[in-house]
Amino acid sequence: MTAQHHIEFKVSGLSCASCVRRAEAALRTVPGVTDAAVNFATHLAKVEYLGDIPAVETALKDAGYPATRLQADLSIEGMSCASCVGRIERALLAVPGVTEANVNLATRQARITYLEGATDPASLAARVTKTGYAARTVSPTTEEADQSYSAEYQSLKRVTILAALLALPVFVLEMGGHMVPAFHHWIHATIGEQTSRLIQFALTSVLLIGPGRIFYAKGLPSLLKGTPDMNALVALGTGAAYLYSVVACFAPHWLPEGTANVYFEAAAVIVVLILLGRSLEARAKGRTGAAIRKLIGLRPNTVQVKRGDSFVELPLTEVGVGDVLMIRPGERLPVDGDVLDGRSYVDESMITGEPVPIGKKAGDAVVGGTLNGTGALQIRATKVGADTVLAQIIRMVQQAQGAKLPIQGVVDRITLWFVPAVIAVACATVLIWLAVGPTPALPLALVAGVSVLIIACPCAMGLATPTSIMVGTGRAAELGVLFRKGDALQHLQQAKLIAFDKTGTLTQGRPELVEMTLANGVQKIDVLRLAAAAEAQSEHPISQAITRAGPARLPKVSEFQSLTGRGLSAKVEDHTVLIGSDRLMHDNAIDLSDLADTAASYADSGATPVYVAIDGLAAAALSVADPIKPGTSEALVRLRQMGLTVAMITGDNTRTARSLADTLGIEIVTAEVLPSGKVEAVEALKRQHGTLAYVGDGINDAPALATADIGLAIGTGTDVAVETADVVLMSGDLRGVANAVEISRRTLRNIRQNLGWAFGYNVLLIPVAAGALYPFGGHLLSPALAAGVMALSSVFVVSNALRLRRVQASVPDTSPATQGQKAHA
């Protein structure tokens, strides 16, 4: 019979008593709910139910009153393998109100999503601790995590050295005689075989009680609870070898004749090698968080803050919004802010990936973590602490690193039964050797059984995915690519087609003067001066583009007149200036014969032709267009080299869109699409080509970003687009798209390599340890050798993941400015 549960949790969306009745009615329609009451004052729902909480949550969501969800991060100690991860996740999911639990072996953290009011972080930590793994509610900062890894490594290093010092005499006494017969005779002639065994017994006992205690303290309780883990395998293997050796040493008559051999050296060396493997693993895992450490290192500890009429040095934590800060040459900016005074160039490469320093002056925004150049700046803090761009980047990277990819689900299902299966195989191995093995069967059965227990390695399985994710997402952040959602890392490498928005994504998003053709002997500088002055009186985007192309100091303008739909007229420096369309020129009898063909070619290329007439004569034809972003062409070439199809979805007219597509080599163009039509266009492309990624930057791109299988937002775009996306490109450079695909593919390839090793290792070597090769030459794997191989298995997985730190940008920046910067450096 299903047990009845009681749960209380908060409900959102309640605005009146009618809402309460509707929410209660929705709850009571759920099969298994025996009673439901909703309190309007506290927004608490109290539910008695027999079924599953997800059905209760779904019913409220469908009714428009979703349960309020919260997240908690726990720091967990004592996890050693994938079995531990599964055990903790099952314990957390059993807590009423917990909807998701994601435990990461590499970071030693758990992220739990639960219904507000149903439980709390302290209770969740207590539940994990009760399971046998010490947990605390305050998630450690990255600095604390690094210290934790360093402390673990130092502790394991000390324990391993002590274990090695105890094991070395045991190994020499027992194995020295096998390797050097004269040494065996010398031992017999001096201290005798029994004394040698007593020394081995004493040293091995101290080793197992001291350095090896961790395996028994954690492994035996898990075995008694019916949830064995990696420690249980080591405890069983070394314990069996040790107890057999104790019997052989003190009561040899209990054993069949000829089988009273001791295996103290096997138990001792197994412990030493596994401790060595864990220390190397801890050291390597500490390096997987290098990217986060680098990001955190961008924040200075102190800053010059204006207090009264002077600047004083204060800790960064004391800076508040509105404070005025002094940033000296070569210093890192501590917070986000606006420049009040000064000029300088700021290196933003560590945040955006943009390699060229950006000029900053009064009124410009600056980002915390970036590096000031040779000028001094005074800034006013606009965002501090957790609200800064750098803090958000760190938070996004940490969330992505803690994510569980879909591929991990298969691993979890296997590791759930892996350790019990290994114990069963070890027992079967011993029984088979005893039944059909050659004489003396007992010691051979013991060696084979212990080897099976020791060589099995669920640790490698548990670390295969999370370590690769940690290093891959960290390296992506260094390249200016943020995976906001962990599963995007897996889905992006499956993409067949990448669709781009046009304006602001492929192009810079604002028109610029890109070309000019002169007529009637006028000078370019004169045309620009007069045209820019006249256009400065208008707010039209095309007018602003012409003004930006002109000189900084403009002459005065009089008699300005805006001619709607045609252009403008003005008096500048006693010259009559007309700027606008061919219709405006024709209306004023301006002869365009020298410029008409050029203007037509501008239009054919997708630009807007603008004529300038001075004192009744045609002076120039201007080409105003939204220029292609630097790096876009190289990015699209690289994407096509990767085997991806490239498409463009835009609201612009077909001729303009087609011209840009021809320039960039884009195969598929969907033009003249309304914002609502972008979703339909994305769905149509998905049906034709399969998995689709969409790249956009504006509010009107948010629905398409959400509809695509993977949404990539330009970080310089709108907040709505960024919040909707799965991946954020910190700069506007589309080379980041190629970098994102490259990182995704390399990370998933790395994960597959790790999983292939982890599973292949166990599948191949467990039969070898059981004695599969014994009939073909009498070779039986030594337990000590099995321990060495097992220890190296986890180290291999973590070391392989660390190779992702060397992934380079898929499309290097070869712009002249960048090359100049490198040469100067």
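Everything numeric in this text was worked out from a predicted model, so none of it was measured.

Novice: I would appreciate a short explanation of the sheet that holds strand β9 (residues 310–315) in the present structure.
Specialist: Sheets are built from strands that pair by backbone hydrogen bonding, the pairs being arranged parallel or antiparallel. With antiparallel pairing, the six strands of this open sheet are ordered in space as β9-β8-β10-β16-β11-β14. The outermost strands of the open sheet, each flanked by one partner alone, are β9 and β14 (365–366). Judged from the four bridges that link them, strand β10 (residues 324–327) and strand β16 (residues 377–383) form a sheet pairing that is antiparallel. Bridge pairing in β16 places L325 opposite I379.

Novice: Looking at this model, I keep getting lost on the side chain of S659. Mind explaining?
Specialist: You can see S659 is positioned in helix α24 (residues 654–664). What S659 contacts, discounting residues up to four positions off in sequence, is D604, S605 and G606.

Novice: Before we go on, may I ask you to explain the confidence of the model for the chain in this structure?
Specialist: When pLDDT is low, close inspection of the predicted coordinates is not appropriate. Summarising the model, the chain shows a mean pLDDT of 83, and 91% of its residues fall at 70 or more. Scored below 50 in pLDDT, residues 139–143 makes eleven contacts in the model with residues more than four places away or belonging to other chains. Confidence drops under a pLDDT of 50 for residues 816–825, and excluding neighbours within four residues, the segment shows eight contacts in the predicted structure.

Novice: Sorry if this is basic, but what is going on with the packing of helix α7 (residues 193–209) against helix α9 (residues 230–250) here?
Specialist: Each packed pair of helices is defined by two parameters, the angle between the axes and the distance between the axes. One way to put it is that α7 packs onto α9 with a least axis distance of 10 Å and a crossing angle of 150 degrees. Considering their axes alone, α7 and α9 lie roughly antiparallel with respect to each other. Crossing handedness for the pair α7 and α9: left-handed. Facing Q194, R197, L198, F201, T204, S205 and L208 of α7, the residues of α9 in contact are Y242, V246, A248, C249 and F250. A class-by-class count of the residues in the contact of α7 with α9 yields eight nonpolar, three polar and one charged.

Novice: Even after reading the chapter, I still don't get α9, so can you show me in this structure?
Specialist: One full turn of an α-helix is made of 3.6 residues, so residues set three or four places apart face in the same direction. Counted at 1.5 Å a residue, the expected span for α9 with its 21 residues is 30 Å, and the 30 Å between its end C-alpha atoms agrees. Among the 21 residues that make up α9, 15 are buried, leaving the element largely enclosed by the rest of the structure.

Novice: Explain the nonpolar core here, please?
Specialist: In a soluble, globular protein the nonpolar side chains are often hidden away together inside. In this structure, F483, F500, L639 and L712 are the most contacted members of the largest nonpolar core, which totals 135 residues. In terms of residue count, the dominant contributor to this core is helix α28 (residues 735–770) (13 residues).

Novice: Can you help me understand the sheet that holds strand β1 (residues 5–10) in this one?
Specialist: The strand order β1-β3-β2 describes an open sheet built from three strands, whose pairing is antiparallel. One side of each edge strand has no neighbouring strand; the edge strands of this open sheet are β1 and β2 (33–39). Looking at each pair of strands side by side, their axes are set apart by 15 degrees on average, direction ignored. Looking at chain direction, β2 and strand β3 (residues 44–49) are connected through six bridges and run antiparallel. What sits directly across from D35, in β3, is E48.

Novice: Help me understand unusual backbone geometry, please; the structure alone is not making it clear to me.
Specialist: Cis peptide bonds are those with omega within 30 degrees of zero, and the linkage from T439 to P440 qualifies with -5 degrees. Position of P440 relative to the elements: it lies in the loop between α14 (406–436) and α15 (441–455). We note that E573 has phi near 50 degrees; this positive angle belongs to a residue other than glycine. Along the chain, E573 turns up in the loop between β21 (567–572) and β22 (575–580). With a phi angle near 60 degrees, A589 is a residue other than glycine that sits in the positive phi range. Take A589: it is sitting in the loop between α21 (582–587) and α22 (596–604).

Novice: Help me understand α28 in this model?
Specialist: For α28, which comprises 36 residues, the first-to-last C-alpha distance of 52 Å matches the rise-based estimate of 52 Å (1.5 Å per residue) to within 8%. Positive phi appears at G771, one or two residues downstream of α28, with a value of about 110 degrees.

Novice: In this structure, what is going on with the environment of A772? I would like to understand it.
Specialist: Mapped onto the elements, A772 comes out in the loop between α28 and α29 (783–802). Spatially, the C-alpha atom of A772 lies 29 Å from that of V170, the residues being 602 residues apart in sequence.

Novice: I keep staring at the packing of aromatic side chains and nothing clicks. Help me out?
Specialist: Two aromatic rings, taken as a pair, are described by how far apart their centres are and by the angle between their planes. Using the criterion set out here, one finds eight aromatic pairs in the structure. Between F201 and Y242 the ring centres are 6.2 Å apart and the planes differ by 15 degrees, which places this aromatic pair in the stacked class. Taken as a pair, F201 in helix α7 and Y242 in helix α9 lie far apart in primary sequence, 41 residues in all. Exposure remark for Y242: the relative accessible area of 16% places this residue in the buried category. Judged by centre distance (4.6 Å) and plane angle (40 degrees), the rings of W757 and F796 are tilted. With W757 in helix α28 and F796 in helix α29, this residue pair connects regions lying 39 residues apart in the sequence. Overall, the relative accessible area of 32% leaves W757 in the partly exposed class. Grouped by ring-pair contacts, the aromatic residues F201, Y242, F250 and F264 constitute a single cluster.

Novice: I would appreciate a short explanation of the side chain of S196 in the present structure.
Specialist: Mapped onto the fold, S196 is located in helix α7. Take S196: its relative accessible area is 5%, and that puts it in the buried class. With residues up to four places along the chain from it excluded, the contact list for S196 reads L173, I187 and I191.

Novice: Could you clarify how one ought to interpret a positive patch on the surface in this entry?
Specialist: On the surface, a cluster of positive charge is made up of R749, R752, R803 and R806. Mapped onto the secondary structure, R803 falls in the loop between α29 and α30 (816–824).

Novice: How should I be thinking about the pattern of salt bridges in this particular structure?
Specialist: Between side chains of opposite charge, a pair can form when the charged atoms approach closely. In total, this model carries 21 salt bridges according to the counting rule given. A salt bridge links R197 to E193, with the shortest nitrogen-to-oxygen separation between them at 3.3 Å. Placement of both R197 and E193 in helix α7 is noted, with a separation of four residues, approximately one turn of the helix. In this structure, the salt-bridge partner of K686 is D709, at a minimum N-O distance of 3.8 Å. Of the two residues, K686 is situated in helix α25 (residues 675–689) and D709 in the loop between α26 (702–707) and β28 (710–714); the sequence distance between them amounts to 23 residues. Since its relative accessible area comes to 33%, D709 is described here as partly exposed. Overlapping salt bridges bring together E57, R69 and E100 as one network.

Quick notes on the rules
Residues numbered from 1 in each chain as written. Predicted model: local features only at pLDDT ≥ 70, side-chain atom pairs only at ≥ 80, totals over all residues. Heavy atoms only, no water. Pairing = 2+ DSSP bridges. Helix = DSSP H or I, 4+ residues; strand = E, 2+ residues; numbered from the N terminus. Contact = heavy atoms within 4.5 Å. pLDDT = per-residue confidence, 0-100. Axes fitted to C-alpha atoms, helices over the stretch in contact; angles between N-to-C directions. Parallel < 35°, antiparallel > 145°, perpendicular 65-115°, else oblique. Left-handed = near helix turned anticlockwise from the far one by under 90°. Nonpolar A, V, L, I, M, F, W, Y, C, P; charged D, E, K, R; others polar. Expected span 1.5 Å × (residues − 1). Buried < 20%, exposed > 50% of the residue type's maximum accessible area, 1.4 Å probe, protein only. Core = buried A, V, L, I, M, F, W, Y, C linked by side-chain atoms within 4.5 Å. Phe/Tyr/Trp six-rings, centres within 6.5 Å; stacked < 30°, edge-to-face > 60°. Patch = residues over 30% accessible without salt bridge, like charges linked within 9 Å, V, L, I, M, F, W, Y side chains within 5 Å. Areas by Shrake-Rupley, 256 points an atom, 1.4 Å probe, with all protein chains shown as cover. Salt bridge = Lys/Arg side-chain N within 4 Å of Asp/Glu carboxyl O. Lys, Arg positive; Asp, Glu negative; His and termini not counted. Charge placed at Lys NZ, Arg CZ, Asp CG, Glu CD.

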